[in-house]
Amino acid sequence: MDSSVKENVLDVMDLHVCFHTDEGDIRAVDGVTFSMQRGRVTALVGESGCGKSATSYSILRLLQSPGEITGGRILFHPQGGGEIDITALGDNSEGLFRLRGGRISMIFQEPMTALSPVHTIGNQVCEAILLHQKVSKAEAREKAIEMLRKVGISSAETRIDQFPFEMSGGMRQRVVIAMALVCNPEILIADEPTTAVDVTIQAQIMGLIRTLQRDMGTSTLLITHDLGVVAQLADHVAVMYLGRIVERADVRSLMKTPRHPYTMGLLNSLPSLAMNKKRLPSIGGSVPGMMEIPPGCPFNPRCRYAQPGRCDVGHPPGPETIGEGHEVACLRAREIMAEKIT
Amino acid sequence: MSTGTPEIIPPPGQEPLLSVRRLCKYYPIYGKGFRRKQTGLVKAADDVSFELWPGQTFGIVGESGCGKTTVGRSIVRAIAPTSGEVLFRHDGRCSDLVKLDEKGLKPLRTRLQMVFQDPFSSLNPRMTVRDIVAEPLLINKLARGSELEDRVAAMLVKVGLKPEHRLRYPHAFSGGQRQRIGIARALVMHPSLVVCDEAVSALDVSVQAQVINLLQDLQQDLGLTYIFIAHDLSVVRHICNRVAVMYAGKIVELEETSRLFSQPEHPYTRALLSAVPSPDPDVPMKTDLAGDVGDPGINPLVMRGKFLE
């Protein structure tokens, strides 16, 4: 890699997102810090309501009222050098519009709702090209056909004039991916790209994302709750719980040697295809509401390692490095490690 | 519970609780125009046969549109099958659910229950938990007064909720707790057969494990028989004794669980198994499955023919 190009393509620093509601402020993202390496897949994992989508929406500044970024910075380092602070851009500024869909683009979760039902897919893919590149309509159409072919849509020349309802769910998700990639973005945010499709289609879409990512060198932020998808696609993983990152590591050490009790619980509670146990080890309780985040470590009421008087008081623990590139936000991480070995 | 050791099927000396024979459910397709002439048939379930013994869990897996829900709903007679037999044993008798009319079905409804997928839309937001769980008992005139209240409270405790939750509305509960309410509603009449249609698919991983454990505990305590419909193969493997794989309305493979997963015979089963992403990054997955899910309205051979002879 060229040494003048920064290794990180995106730095999210101490991000805070707040939703203002009648019952009070909900801190959906509470001090999230992570970096995306250029050309790699970074995954944000967590259960519903953990703030992973709020984080990804913040990167494109798509949060809508009552949601608001209340603190922190998101720094984008484009290929040509320089640095753009996304949080500092104006809501309707030219700079923000150039980023959205151009240099940073997004695959949304629902292939049914992410596409307009009243425009042909050609129109929708071309729109992105015409907004960001100085090309004629005919050229844009050519590019769109080429992109549709790349994502595996057969007879793209005729398919391009079809409407979304004429296509299956898997095809629609391919169109959404084509739309996101047609401007050759530096960062692709994939928000639950395979949640709404069947396993066999999921396998195809995952293969597609992997190939395109390799060929085009796009840096990808993968948002998902599916640990299988993470293991197969991601290079680096950050696990979120109640608006905070509780563990961060490269995919191999996270899946093989999880250090945070929450990550361990998540991995243990997966019914596995390989083994067959009578009872699934589950995490007790359920994710508390965002209004009633417990003091101390937010996971302590559900944690089997929690110590009263230590884990349930004061501020939530900050990230601590316990291995190469492996960070854990748990007061007892080292003790649990020692316990497990002995 | 599947323990990995092959079981004897059928269990010696036991009659099956349910025998499904050549069950079909066809939906007509009507053409355009004033006369709306029938132009074709969607074979949502086509010639489905299997047997189910008491205390077992029978899994039906397949992708969306394969007909697994149609089979489940036909068995509890939420919809009327086109043809075939569903023989159900109860109180020493054997009834064909397909031939019975509404009146004949009514006494059997208490024995056949269903747990639905989406815990958010399957509970009436205007009813309290007590009303939701008590409704089946009231409709079937099985309990009233203090007995009714006791049964509701006992059922709530059984599914892991508190009796004081009775007066709350569904919106006050999390997804996992709502699914527990749905389970309480299904079990309050002591059914013998429960059809769980994607009962844990909408739940988060950590909560999903709790609900799976709950379903297994209840099966042991109450001697329930489950038909477990799901698309998640790892969940099915965990709780089912036998599994049927469906594709385009037909059962393409039916096998005892550990055999199905260790030696899948049918190419579609193999494709389905290889598509599940493993949580181990060192186990690579296959991503080269061709084509789209078969549309039951047209010949599936055209779409992904290699899976059906």
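Anything mentioned here points back to the structure above.
Values in this document were obtained by computation on a predicted structure and should not be read as measured data.

Participant: What is the right way to look at the environment of glutamate 83 of chain A in this model?
Facilitator: Residue and element names in this part refer to chain A. Its location among the elements puts glutamate 83 in the loop between β4 (67–76) and β5 (84–85). For glutamate 83 and leucine 10, which are 73 residues apart along the polypeptide, the C-alpha to C-alpha distance reads 9.4 Å. Beyond its immediate stretch of four places on either side in the chain, glutamate 83 contacts Leu75 and His77.

Participant: Can you help me understand the interface of chain A and chain B in this one?
Facilitator: Accessible area lost upon the coming together of the parts serves often as the stated size of an interface. Between chain A and chain B, the contact holds 36 residues from the first and 39 residues from the second. Considering only residue class, the side of chain A that touches chain B consists of 15 nonpolar, 16 polar and five charged.

Participant: Mind showing me how you'd approach the sheet that holds strand β8 (residues 225–230) of chain B here?
Facilitator: Sheets are built from strands paired through backbone hydrogen bonds, the pairs being either parallel or antiparallel. Residues and elements named next belong to chain B. Across the sheet, which stays open at both edges, the six strands sit in the order β6-β7-β8-β3-β9-β10 with mixed pairing between neighbours. Edge strands, defined here as strands with exactly one partner in the open sheet, are β6 (112–115) and β10 (250–256). Here the average twist between neighbouring strands, direction ignored, is 20°. Note that strand β9 (residues 242–247) and β10 share six bridges and pair antiparallel. The residue of β10 that forms the bridge with valine 245 is glutamate 253. With respect to the sheet, helix α1 (residues 68–75) is in contact with β3 (57–61), β7 (193–197), β8 and β9, its orientation differing from that of β8 by roughly 150°. Contacts from helix α5 (residues 175–187) reach β6 and β7 within the one sheet, and its direction differs from that of β6 by about 175°.

Participant: Would you take a moment to explain helix α7 (residues 199–216) of chain A for this structure?
Facilitator: Three- or four-residue spacings in an α-helix give side chains the same orientation, since the helix completes a turn every 3.6 residues. Look at α7 of chain A: 25 Å from first C-alpha to last across 18 residues, which is about the 26 Å you get at 1.5 Å a residue. Buried within α7 of chain A we find Val199, Thr200, Ile201, Gln202, Ala203, Gln204, Ile205, Met206, Leu208, Ile209, Leu212 and Gln213 of chain A. Tucked into the core, α7 of chain A has its buried residues touching β3 (41–45), α6 (169–181), β7 (187–191), β8 (219–224) and α8 (227–233) of chain A together with α9 (267–274) of chain B. In the segment just after α7 of chain A, glycine 217 of chain A is the residue with positive phi, at about 65°.

Participant: Is there a simple way to think about the nonpolar core in this case?
Facilitator: Within soluble globular proteins, side chains that are nonpolar tend to cluster in buried spots. Among the nonpolar cores identified, the biggest contains 177 residues, and Val125, Ala144 and Ala178 of chain A together with Val133, Phe228 and Val245 of chain B are the most heavily contacted of them. The residues touching valine 125 of chain A, leaving out its near neighbours within four places in the chain, are Ala144, Met147, Leu148, Ala178, Met179 and Val182 of chain A.

Participant: What's the story with helix α3 (residues 121–132) of chain A in this structure? I'm lost.
Facilitator: All names here are of chain A. Relative to the 16 Å expected for 12 residues at 1.5 Å per residue, α3 spans 18 Å between its end C-alpha atoms, a close match to the ideal helical length. Of the positions making up α3, those classed as buried are Ile121, Gly122, Gln124, Val125, Cys126, Ala128, Ile129 and His132. Buried positions along α3 lie against α4 (137–150) and α6.

Participant: Quick question: what am I supposed to make of the packing of α3 of chain A against α4 of chain A here?
Facilitator: For any two helices packed against each other, one specifies the inter-axial angle together with the distance between the axes. All names here are of chain A. In the contact formed by α3 and α4, the axes pass within 9 Å of each other and the chain directions differ by 115°. Relative to α4, the element α3 lies roughly perpendicular. Considering the relative orientation of α3 and α4, their crossing is right-handed. Each of Gly122, Val125, Cys126, Ile129 and Leu130 in α3 lies in contact with α4, whose residues at this interface are Ala140, Arg141, Lys143, Ala144, Met147 and Leu148. Taken together, the residues of the contact of α3 with α4 break down into eight nonpolar, one polar and two charged.

Participant: Hey, could you run me through the sheet that holds strand β4 (residues 83–90) of chain B in this one?
Facilitator: Residues and elements named next belong to chain B. Strand order in this open sheet of four strands is β2-β1-β4-β5, and the pairing throughout is antiparallel. Pairing within the sheet leaves two strands with one partner each, and these edge strands are β2 (38–52) and β5 (93–96). Ignoring strand direction, the axes of neighbouring strands in this sheet form an average angle of 25°. Relative to β2, strand β1 (residues 18–30) runs antiparallel, the two sharing 10 bridges. Across the sheet, isoleucine 29 pairs through a bridge with glycine 40, a residue of β2.

Criteria and cut-off values
- Residues numbered from 1 in each chain as written.
- Chains lettered and ligands numbered in written order.
- Predicted model: local features only at pLDDT ≥ 70, side-chain atom pairs only at ≥ 80, totals over all residues.
- Helix = DSSP H or I, 4+ residues; strand = E, 2+ residues; numbered from the N terminus.
- Contact = placed C-beta atoms within 7 Å.
- Nonpolar A, V, L, I, M, F, W, Y, C, P; charged D, E, K, R; others polar.
- Pairing = 2+ DSSP bridges.
- Axes fitted to C-alpha atoms, helices over the stretch in contact; angles between N-to-C directions.
- Expected span 1.5 Å × (residues − 1).
- Buried ≥ 20, exposed ≤ 12 C-beta atoms within 10 Å, placed from the backbone.
- Core = buried A, V, L, I, M, F, W, Y, C linked by C-beta atoms within 7 Å.
- Parallel < 35°, antiparallel > 145°, perpendicular 65-115°, else oblique.
- Left-handed = near helix turned anticlockwise from the far one by under 90°.

None of the figures reported here should be taken as evidence of function without further support.
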